Amino acid sequence: MNPTVAVVGPGAIGTTVAAALHEAGRTPLLCGRTGREHLELRAADGVVVVPGPVRTDPARTEEAVDLVFLAVKSTQVAAAAPWLAALCRPGTTVCVLQNGVEQEATVAPHVPGCPVLPAVVWFPAVAQPDGAVWLRGAARLTLPDLPAAQVVLAALDGTRCSVELAVDFPSVAWRKLLQNAVAGLMVLSGRRSGMFGREDVAQLSLAYLRECLAVARAEGAVLGDEVPREILESFQANPADLGTSILADREAGRPLEWNTRNAVIGRRGRAHGIPTPISDVVVPLLASASDGPG
Ligand SMILES: NC(=O)C1=CN([C@@H]2O[C@H](COP(=O)(O)OP(=O)(O)OC[C@H]3O[C@@H](n4cnc5c(N)ncnc54)[C@H](OP(=O)(O)O)[C@@H]3O)[C@@H](O)[C@H]2O)C=CC1
Ligand SMILES: CC(C)(CO)C(=O)C(=O)O
């Protein structure tokens, strides 16, 4: 039998996963902050409309589900906790579709008795001014190879969102975190992937990525010396106008995920006695862009 599924946070990533489920006849409950009659995904092969409504009141939701995809920003977890309380019973799997390496630590306290499964989300998805979401790549997740991942595999089996299991998930998550950390430079310049074609930005990015790599390795990630250049080259290969979700937040004047995507490098670096001079410049500027004052 198909697991029952809810998507909490039907934004860029949540809409993509909800659309994948709906196309397979497994339409999830939609739980958000802004009410909508439906969601719309625009992909290269067509448009998917997911019937709603998007519910906005957890107090009026009583049905527990087998699987919750939590796709709010890391800055929004506490505010979304009432949804988790409404949708989870002991054993409900909470699959966290967020960047970072701290999803279990931040979400588990809100869902005692429930497995919390972090996911690496590889695809770019961009909310459009009319509320639709533009999927700009193949939908793909990586999960830790744990028993709790089976319900996610079952839910997304045969859908447009592919799922891989990683035995060494922390290394995969740290690699993605390096990508996200350097993407933060787009916020500071107000530019998109095209900026990585500049030689000066490329050199800065490599230096920042090497600093992040040292911290990742101290945390146990198995990542080779080639990783910084590979990540830089992946940004250089992007369409020049491809941004990143933290830049979308900056452009919309929303709070930024600077703590989970960038400050984590300095925090973990200090714990290991590793200097992080570039992070120490980048983070206060991102924090200020996010939280003010001024
Ligand atoms: N977008 C991308 O390309 C990628 C994003 N990621 C990561 O995925 C995560 C989600 O990002 P993204 O989808 O871009 O974010 P969005 O801002 O597009 O989506 C977040 C959604 O959560 C909703 N929300 C906010 N507060 C609550 C609440 N209290 N209860 C319920 N819903 C709430 C928002 O509602 P409202 O409409 O009211 O704002 C919005 O629909 C982030 O960690 C991001 O870093 C990872 C890879 C790629
Ligand atoms: C799509 C990608 C990988 C770009 O950095 C991302 O994670 C994001 O936008 O947050």
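Since this is a predicted model, take the numbers as computed values, not measurements.

Asks: Even after reading the chapter, I still don't get the overall build of the chain, so can you show me in this structure?
Replies: The secondary structure content of the chain amounts to eleven helices and eleven strands. By the compact-globule yardstick of 19 Å for 294 residues, the chain fits well, its C-alpha radius of gyration being 19 Å. Along the first, second and third principal axes, the C-alpha atoms of the chain reach 50 × 40 × 40 Å. Counting across all 294 residues of the chain, residues that qualify as buried make up 50%. Restricting to contacts in the chain with at least 6 residues of sequence separation, those with at least 24 account for 62%. Just so you have it, the chain exposes about 12900 Å², and 54% of that area is on carbon and sulfur atoms. If the 25 positive side-chain charges of the chain are averaged to one point and the 29 negative ones to another, these points end up 4 Å apart.

Asks: Before we go on, may I ask you to explain the UniProt feature "domain: Ketopantoate reductase C-terminal" (unreviewed entry) in the chain in this structure?
Replies: The UniProt entry lists residues 171-286 under the feature "domain: Ketopantoate reductase C-terminal" (unreviewed entry), expressed in the numbering used here. Secondary structure content for residues 171-286 is 70% helix and 0% strand, and the end C-alpha separation is 25 Å.

Asks: What exactly am I supposed to notice about the site of ligand 1 here?
Replies: Of all residues adjacent to ligand 1, which total 27 residues, the nearest are Ile13, Arg33, Thr34, Asn99 and Glu257. The backbone of Ala12 places a nitrogen or oxygen atom 2.9 Å from an oxygen atom of ligand 1. Burial of ligand 1 by the protein chains amounts to 89% of its free accessible area of 900 Å². Elements supplying a minimum of two residues to the shell around ligand 1: α1 (12-23) and α2 (77-87). At three residues, α2 tops the list of elements feeding residues into the shell around ligand 1. Classifying every residue of the shell around ligand 1 gives 14 nonpolar, eight polar and five charged.

Asks: I'm lost on the side chain of Gln98 in this one. Help?
Replies: Topologically, Gln98 is positioned in the loop between β6 (93-97) and α3 (103-107). A polar atom in the side chain of Gln98 sits 2.7 Å from the backbone oxygen of Val72. Not counting the four nearest positions on each side in its chain, Gln98 is found in contact with Leu70, Val72, Lys73, Ser74, Val77, Gln103, Ala119 and Val121.

Asks: Could you clarify how one ought to interpret the domain arrangement of the chain in this entry?
Replies: How big an interface is tends to be stated in terms of accessible area lost as the parts join. As far as domains go, the chain holds domain 1 (5-166) and domain 2 (169-289). Each of domain 1 and domain 2 was reduced to a C-alpha centroid, and the two centroids are 24 Å apart. Facing 18 residues of domain 1, the contacting portion of domain 2 comprises 20 residues. For the pair domain 1 and domain 2, the summed buried area comes to about 1800 Å², and 60% of that belongs to carbon and sulfur atoms. The largest contributions to the domain 1 side of the interface with domain 2 come from Asn99, Val101 and Glu102, which together make up 33% of the buried area. For the interface between domain 1 and domain 2, the tally reads four salt bridges.

Asks: Can you walk me through the pairing of strand β7 (residues 116-121) in this structure?
Replies: The two faces of the sheet receive side chains in turn, since in a regular strand these alternate between them. Burial within β7 is extensive, with six of its six residues counted as buried. By the alternation rule, side chains of β7 split into Val116, Pro118 and Val120 and Leu117, Ala119 and Val121, which are all buried. Pairing geometry for β6 and β7, over four bridges, is parallel. Bridge pairing in β7 links Val96 to Pro118. Two elements, β7 and strand β10 (residues 140-144), share two bridges in a ladder whose sense is antiparallel. Within the sheet, the bridge partner assigned to Val120 lies in β10 and is Thr142.

Asks: Quick question: what am I supposed to make of the environment of Cys95 here?
Replies: In this structure, Cys95 sits in strand β6. Along the primary structure Cys95 and Val187 are separated by 92 residues, whereas in three dimensions their C-alpha atoms are 28 Å apart. Excluding residues that lie within four positions of it along the chain, Cys95 makes contacts with Leu67, Val68, Phe69, Leu70, Leu117, Ala119, Leu143 and Val152.

What counts, and at which threshold
Residues numbered from 1 in each chain as written. Chains lettered and ligands numbered in written order. Predicted model: local features only at pLDDT ≥ 70, side-chain atom pairs only at ≥ 80, totals over all residues. Heavy atoms only, no water. Helix = DSSP H or I, 4+ residues; strand = E, 2+ residues; numbered from the N terminus. Rg over C-alpha atoms; globule rule 2.2 N^0.38 Å. Buried < 20%, exposed > 50% of the residue type's maximum accessible area, 1.4 Å probe, protein only. Contact = heavy atoms within 4.5 Å. Areas by Shrake-Rupley, 256 points an atom, 1.4 Å probe, with all protein chains shown as cover. Lys, Arg positive; Asp, Glu negative; His and termini not counted. Charge placed at Lys NZ, Arg CZ, Asp CG, Glu CD. UniProt positions renumbered as here; feature names shortened; annotations may be inferred. Near = heavy atom within 4 Å. Polar contact = N/O pair within 3.5 Å; in protein donor to acceptor, adjacent residues only side chain to side chain. Nonpolar A, V, L, I, M, F, W, Y, C, P; charged D, E, K, R; others polar. Domains from an automatic or database assignment. Buried area = accessible area lost by both parts, 1.4 Å probe. Salt bridge = Lys/Arg side-chain N within 4 Å of Asp/Glu carboxyl O. Pairing = 2+ DSSP bridges.

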